[in-house]
Amino acid sequence: MYINGKPHGPWQANTTCQLHMRAFKDGDTIVVEPWRANAFPVIKDLTVDRSSFDRIIQAGGYISVNTGNAVDGNSLPINKEKADASFAAAMCIGCGACVAACKNSSAMLFMSAKVSHLALLPQGEPERHSRVINMIAQMDKEGFGSCTNTGACEATCPKEISLVNIARLNKEYLTASLVSDK
Ligand code: SF4
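Residues numbered from 1 in each chain as written. Predicted model: local features only at pLDDT ≥ 70, side-chain atom pairs only at ≥ 80, totals over all residues. Heavy atoms only, no water.

*Asks:* Give me the lowdown on the pattern of salt bridges, citing residues and values where you can.
*Replies:* In total, this model carries six salt bridges according to the counting rule given. Across the pair R36 and E33 runs a salt bridge whose closest N-O atoms are separated by 3.9 Å. Accessibility expressed as a relative area gives 53% for R36, which makes it exposed. Overall, E33 belongs to the partly exposed group, its relative accessible area being 27%. Between K80 and D84 there is a salt bridge whose closest N-O contact spans 2.7 Å. Placement of both K80 and D84 in helix α2 (residues 80-89) is noted, with a separation of four residues, approximately one turn of the helix. (Salt bridge = Lys/Arg side-chain N within 4 Å of Asp/Glu carboxyl O. Buried < 20%, exposed > 50% of the residue type's maximum accessible area, 1.4 Å probe, protein only. Helix = DSSP H or I, 4+ residues; strand = E, 2+ residues; numbered from the N terminus.)

Here you go:
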């Protein structure tokens, strides 16, 4: 929710549920509002419907694996820098603050985190191209706006998801568009 005009309130890199009353002074007026974006319709009071994010994930934010015993952790060596970048992207909690903060109601920071954390790992490779194409198509269908690189999303993200992920998402989308037959 918006608290005093800021998504998740006055603290940096912090979610509403981790915000303490000591962030405010005695006698302060606290104004609390719901996210405002066409793709997040208000249900009631502060509750918005974020199922558009769920449908984007259903469109491609997964990997297909055979079930069975857990694979040995060392069976697939992964470059440390890539593993770190993937873990950093996987920190996204799908809160929607990036959409609410964006003047275009763009979901590109969320999308970029969800595409990046799989694109950086070998496990994400088989569905790499269809994933980004299908997720972007669903994002457009849900009515999110376009990204104009103003960076309000990054500034407001409680998990400090970096804009670098949006650059990676654009690269992934361009590559997939060139090689995919969709
Ligand atoms: S990118 Fe950040 S602000 Fe956007 S949904 Fe993920 S955690 Fe929330």
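Don't stop here, the text continues.
*Asks:* Kindly report on the site of the ligand, identifying the contributing residues and their values.
*Replies:* Contacts to the ligand come from C92, I93, G94, C95, G96, A97, C98, L109, F110, C157, P158 and I161. Of all the elements in the fold, those that place two or more residues in the shell around the ligand are α3 (97-101) and α4 (108-119). Here the shell around the ligand is composed, by residue class, of 10 nonpolar, two polar and no charged. (Near = heavy atom within 4 Å. Nonpolar A, V, L, I, M, F, W, Y, C, P; charged D, E, K, R; others polar.)

*Asks:* Can you break down the packing of aromatic side chains residue by residue, with the values?
*Replies:* Pairs of aromatic rings are described using the distance from one ring centre to the other and the angle between the two planes. Considering all chains together, one arrives at five aromatic pairs under this definition. Ring centres 5.2 Å apart and planes at 80 degrees place the aromatic pair F40 and F53 in the edge-to-face group. Within this pair, whereas F40 is found in the loop between β3 (32-33) and β4 (42-44), its partner F53 is found in helix α1 (residues 51-60), the two being separated by 13 residues in sequence. The residues F40 and F53 share a single accessibility class, namely buried. An aromatic cluster of at least three residues, connected via ring pairs, comprises F40, F53, F110 and F144. (Phe/Tyr/Trp six-rings, centres within 6.5 Å; stacked < 30°, edge-to-face > 60°.)

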